[in-house]
Each structure stands twice: as structure tokens, then as C-alpha cells.
Amino acid sequence: MNDLVEADPPTSKRRRRPSRSRALIPVGKERQPQGRADSDILSLPPADEPNGPRGWRTGIFGVLDIGSTKMTCLIGRGEADGSLRVLGYGWRRSRGIRNGAIVDLREAEQAIRATVGQAEEAADRRLDDITVNLSCGQPESRLFNARMPIGGREVMESDMDRVVAEGQARAYTEGRTVIHTLPIGYAVDETTGIVDPRGQVCEQLIARLHVVDAGTTAVRTLDSVLMHAELKMTNLVSSPFASGLSVLDEDERELGATVVEMGGGTTSLAVFGEGMLLHTAHLPVGGLHVTRDLAGMLSTSLENAERLKTMFGSAELSSEDGGDMLPLQMIGEDAASLTKVSRARLVSAIRPRVEETLELVRDRLDTAGFGRTGRERVVLTGGASLLEGIGPMAARILDRPIRLGRPLNISGLPEGAAASAGFSTASGLLAWAAGADRNFHDADSPEPRSNGILKRLVHFIRGRV
């Protein structure tokens, strides 16, 4: 058998074992592991030819990430090499948004107009249609099985559409709007794990569906605000879903990974496996809550607390933090009279909230059934994930490998690579609009209209009115 290795022939004299003081390996070099001979290994068949670059939709697309602390509008397109290019961006502080929900329509509309207008001016292009992230309406994630009799014939595409429609009907809940209907697998009779059942002969077709829905009134309010801002919402995409499209590569989505998007007002998570989105969840806590805790403990303004957190904050306390003294302007005092605060006190105000957030993530994964089933990695992204020391704390609490996720294969973002994690959702929205949604076969994702002659004519007229 090829896994048997022939032993070395015996020698006439046994070698004397060298003393421990003698160095068998030169200092500064490591012993290289010796693998088996090529003749003793059964090689894998040759690999298939690599897939070509991703085929994006033609045209230029606009996306809007409405967050609790900032709004980001990107205008971009897909490149021939499979990457994304941002042609213009707008980036401003959010107004009228709290914990992902719109609480002041007029303030939110003005902020959206300013953000989109900044991107339009940078890209020299007007937007009519836009893809938006979903973080309002208390989104929920559910799994359904839908069955349909086939009667011993071949499965057709119309059968797939009907079984998905059956699942959508089962998922309907009063007061909720379905945002995503994602097939995550099919079964024909007793055969499971089928990706595309077309052409299969069976008696019964079963579809496993992942449905994400949200409160209808919140979705309508978002649509109304966008309409007042002269924008049409063509796609609504779950925020952690979009972040996963941006920061995970194909291998991670296939082998399994959990994306934890740590935003300002919310922390959301998305579980991927076998190339599909399996679960999403939203938690009403984020980086802004850390800032508020810090401002309350130090009796300083939110502006100063955010600056201290960003520049000197950490999730873990080190031995040197006790001696580091930081300038602090307390509420009611002028800029000339500054007090001092130790970095250790700063960390002591930050750490409990970060621990609480990660423990909520762990509990939510356990409740959904994804906490104990595997040790796949967790990818932290979002602006709040840039806090120093959050990686080791997350590895300890979640008991999984951790890495910091940043947008992949995209150029032209507002910030460089070091701080680009804050634009993961916006980057994923651009990927979705440009064609990444095709891989997930979302039944609720309409095909965006291409930029035709009529649309360019409308832009020409609007630009001169």
C-alpha cells in the first residue's frame, strides 16, 4: 500500500547518542520537517481551471449605509478584474437615527440628502435608485421547510419558484415584511444537500429556506424618508449580510464563519456556512453605548469621550495603564482648566460594556444553535471593532479564532486599510448591487434596471433644472 514506508536497513554498528551539550542543529536555524517521498503519496487529481473574474452587472450603482453614528453613500461599479471601484463617496454624521431606527424624519432626511449629495458631486453623477441597509424594524431570522409534490417527473424551474413561494407564504407574519428569502438547500425524496434540483426526477421536492423579515411600519418609514429625499429604494439588504459579503472570502463562507458587525448603535451578526447565509441577529448595543458610559463616568461631553475612547481606549487593561495620565475637560469647565485621568480608569469604564456586548453575541449564537456546533472563526468588523484589545477579549469570551475583517477587493473608500472596517456594510451593499446577490438566489431581490438611454436623459435634464 502507498501508505507504508520502507524502514531503513539495519547497520552493523549502532550510532552513539550524542551528549545533550552538543548542538546537532546550527544556532539560529530550525529543523525542517521531512515529508514523505513523492512516490509514497497518492496525489489528488489535477485542480480545475480557476474561475474567471466575477461577472458584475454593467452600470454604476449607488448604495446608502444608514448607521446610528454615521451615514455613508458610495457610488461605484464592478471592474473587469473582479474588484469594486468607488467613484465617489459621501460620509457624514447621522442625525435622526437611534439604534438603527429613524426617530426624527426631518433630521434623517436632511442627513441623507447631504450624504448622497456629497457622493453625487464627487462622482459627477445623479442617483435615482439606491440600495440601502436594513437595521431598523427589529429584524428576525427564521428557517422554514417547504414541500411540493412533483409526481415522478423532472423538477422544473417553475417548481422551484412555487416551492419558494410556498415558503414565503408560510413565513408571512402580520405586521412583518419579508426582506430576504434565501434557499439554503433542496432535497428530492430522500436525497438531501442538492444545490440545484432542476432535472432531478422525484416524487417530492423540499426546499430549506432562510427568511429575514422586519417590522412593516419601520420599513415603510424608511422608504418614505428616502422618497422625500428623491430616492427610490430598489434593494433592502440586511446589514450583517452585507458586511459578510465585504469581509469574508469564498473559503470562509464555505467552511463557516460568523461575522460580528460592531456599529455605533447596534451590534449585528451573520452566520455563514456552505456558501450560504444561515442566521442573522441584531443586538441593541454598540460603540455609542461605550461612549455614553465613558462620558457619564468621567463627567465629560460625548465629544470628548469619543475622542478619548478612539485615541487612548482599550478593551483590556495592561500594567502600564496605571501610570499614563490623560488630559480631560469636564463638563462645565473651560478649555484652559484641564484635569487628569489615568488610562486605567478609562479602560475600567470601557471594558464592562464591551464584555457585555460579546457575551450577548455568545448567548445569541448559543440560543440559535450555532454556539456549540463548531469552532469556526469569528470575524469582527464595524467601527467599534477598531477598539484596541478587543480581539483577545473576543477570543476569550467567544472561545473561537478571531480576526479583524476589512473590506476586500475594493478601492476608493473614504479611509485607508487601517480604518476601513467602518465601511464594511457600505462595501457589501455595493457588491450586492453590482451582482453579488446572484450567488444567493434571493427571491425578494429584484434585478436592478440597467442605465439606459432614457435614464441618462433624465439625469441630463435634472442636472440643468
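Going by the structure above, here's the rest.
Quick look at the structure, then. The numbering scheme is per chain: residues are counted from 1 as the chain's sequence reads. At least 70 in pLDDT is required for a residue's local features to be given in this predicted model, at least 80 for side-chain atom pairs to be given and counted, and no such filter applies to totals for whole chains, interfaces and linings, which use all residues. Side-chain measures were taken over the full set of non-hydrogen atoms in the model, leaving aside hydrogen atoms and water.

### Comments concerning the side chain of serine 385
And then number 1: The numbering of helices and of strands both runs from the N terminus, where a helix is a DSSP run of H or I of at least 4 residues and a strand a run of E of at least 2. Relative to the assigned elements, serine 385 resides in the loop between β17 (377-381) and α9 (390-398).
And then number 2: Any N or O atom pair separated by 3.5 Å or less is treated as a polar contact, with the protein-specific requirement of one donor-capable and one acceptor-capable atom, and with residues adjacent in sequence counted only for side-chain atom pairs. A polar contact of 2.6 Å, which involves the side chain of serine 385, links it to the backbone oxygen of glycine 382.
And then number 3: Only heavy atoms enter the contact rule, under which two residues are in contact if any of them lie within 4.5 Å. In contact with serine 385, not counting residues within four places along its chain, are Met262, Leu380, Ile390, Leu404 and Ala421.

### A word on the pattern of salt bridges
And then number 1: A side-chain nitrogen of Lys or Arg and a carboxyl oxygen of Asp or Glu constitute a salt bridge if their distance falls within 4 Å. A complete count under the given rule lists 26 salt bridges for this structure.
And then number 2: Across the salt bridge formed by arginine 198 and glutamate 157, the nearest N and O atoms sit 3.6 Å from each other. Here arginine 198, found in the loop between β9 (191-194) and β10 (201-215), pairs with glutamate 157, found in helix α2 (residues 157-171); they are 41 residues apart in sequence, far enough to count as distant.
And then number 3: Exposure classes here rest on a 1.4 Å probe applied to the protein chains alone. A residue is buried below 20% of its type maximum, exposed above 50%, and partly exposed in between. Given the relative accessible area of 44%, arginine 198 is considered partly exposed.
And then number 4: Between aspartate 293 and arginine 353 there is a salt bridge, with its nearest N and O atoms 2.7 Å apart.

### Considerations on helix α6 (residues 287-298)
And then number 1: By this rule, a helix spans an expected 1.5 Å times one less than how many residues it contains. The first and last C-alpha atoms of α6 sit 17 Å apart over 12 residues, in line with the 16 Å expected at 1.5 Å per residue.
And then number 2: Inspection of α6 places Gly287, His289, Val290, Thr291, Leu294, Ala295 and Leu298 among the buried residues, and these make up the whole buried set.
And then number 3: Among the structural elements, α7 (302-312), β15 (325-328), β16 (339-342) and α8 (343-368) are those in contact with the buried residues of α6.
And then number 4: The positive-phi residue at the C-terminal boundary of α6 is serine 299, with phi of around 55°.

### Description of the sheet that holds β17
And then number 1: At least two bridges found by DSSP between two strands are what make those strands a pair. Pairing within the open sheet is mixed, and its five strands lie in the order β14-β13-β12-β17-β18. A single partner strand is all that each edge strand has here, and the edge strands are β14 (276-283) and β18 (402-404). In this sheet, neighbouring strand axes are inclined to one another by 20° on average, regardless of whether the strands run parallel or antiparallel.
And then number 2: The sheet contact formed by strand β13 (residues 267-273) and β14 spans seven bridges and is antiparallel. Looking at β14, one finds that serine 268 is bridged to histidine 282.
And then number 3: Its contacts with the sheet put α8 on β12 (257-262), β13 and β14, and the angle it makes with β14 is roughly 135°. In this analysis an axis means a line fitted to C-alpha atoms, helices contributing only their contacting stretch, and an angle means the value between N-to-C directions, from 0 to 180 degrees.

### So, the sheet that holds strand β7 (residues 140-154)
Either a parallel or an antiparallel arrangement is found when strands of a sheet pair, and the pairing is made through backbone hydrogen bonds.
And then number 1: A sheet is described by the order of its strands in space; here four strands give the open sequence β7-β10-β8-β9, paired in antiparallel fashion. Sheet topology places β7 and β9 at the edges, where each strand pairs with a single neighbour. Direction aside, the axes of adjacent strands within the sheet are offset by 35° on average.
And then number 2: Note that strand β8 (residues 176-188) and β10 share 11 bridges and pair antiparallel. Its bridge partner lying in β10, valine 188 is registered against leucine 205.
And then number 3: On the sheet, helix α3 (residues 216-228) packs against β8 and β10 and is oriented at approximately 70° with respect to β10.

### Focus on the environment of leucine 429
And then number 1: Note that leucine 429 resides in helix α10 (residues 424-434).
And then number 2: Excluding anything up to four places from it in sequence, leucine 429 contacts Val63, Leu64, Asp65, Thr131, Val132, Asn133, Val237 and Ala242.

### A word on the packing of α6 against α7
And then number 1: It is the contact of α6 with α7, at a shortest axis distance of 8 Å, that shows an interaxial angle of 110°. It follows from the interaxial angle that α6 and α7 lie roughly perpendicular. Relative to α7, α6 is oriented so that their crossing is right-handed. Every residue of α7 that contacts α6 at Gly287, Val290, Thr291, Arg292, Leu294, Ala295 and Leu298 is listed here: Leu302, Ala305, Glu306, Leu308 and Lys309.
And then number 2: Residues of the contact of α6 with α7, tallied by class, amount to seven nonpolar, two polar and three charged. Each angle gets one of four labels, with under 35 degrees taken as roughly parallel, over 145 as roughly antiparallel, 65 to 115 as roughly perpendicular, and the rest as oblique. Two helices that cross are described as forming a left-handed crossing if the nearer one is turned anticlockwise from the farther one by less than a right angle, and a right-handed crossing if clockwise. Basically, the charged four are Asp, Glu, Lys and Arg, the nonpolar ten are Ala, Val, Leu, Ile, Met, Phe, Trp, Tyr, Cys and Pro, and anything else, Gly included, counts as polar.

### Quick look at the packing of helix α4 (residues 239-247) against α10
And then number 1: Running from N to C, α4 and α10 cross one another at 80°; their axes reach a closest spacing of 7 Å. Compared by their axis directions, α4 and α10 come out roughly perpendicular. Between α4, through Ser239, Phe241, Ala242, Ser243, Leu245, Ser246 and Val247, and α10, the contact on the second element is made entirely by Ser424, Thr425, Ser427, Gly428, Leu429 and Trp432.
And then number 2: For the contact of α4 with α10, the per-class residue count stands at six nonpolar, seven polar and no charged.

### What to know about unusual backbone geometry
And then number 1: For aspartate 399, which is not a glycine, the phi torsion comes out positive at approximately 55°.
And then number 2: Tracing the chain through its elements places aspartate 399 in the loop between α9 and β18.
And then number 3: Classification of aspartate 399 by relative accessible area gives exposed; the value is 51%.
And then number 4: A positive phi angle is found at histidine 441, which is not glycine, with a value near 55°.
And then number 5: Its relative accessible area of 55% is what places histidine 441 among the exposed residues.

### A look at the nonpolar core
Note that soluble globular proteins tend to have their nonpolar side chains buried in a common cluster.
And then number 1: Ranked by internal contacts, the top residues of the largest apolar core, which has 33 residues, are Leu294 and Val354.
And then number 2: When residues in this core are grouped by element, the largest group, seven residues, is from α8.
And then number 3: Excluding residues that lie within four positions of it along the chain, valine 354 makes contacts with Val290, Ala315, Leu387, Ile390 and Met393.
And then number 4: Among buried residues, those of type Ala, Val, Leu, Ile, Met, Phe, Trp, Tyr and Cys that are joined through side-chain atoms within 4.5 Å constitute a nonpolar core. Residues Leu74, Val259, Ala270 and Ala434 belong to the second largest nonpolar core, which totals 31 residues.

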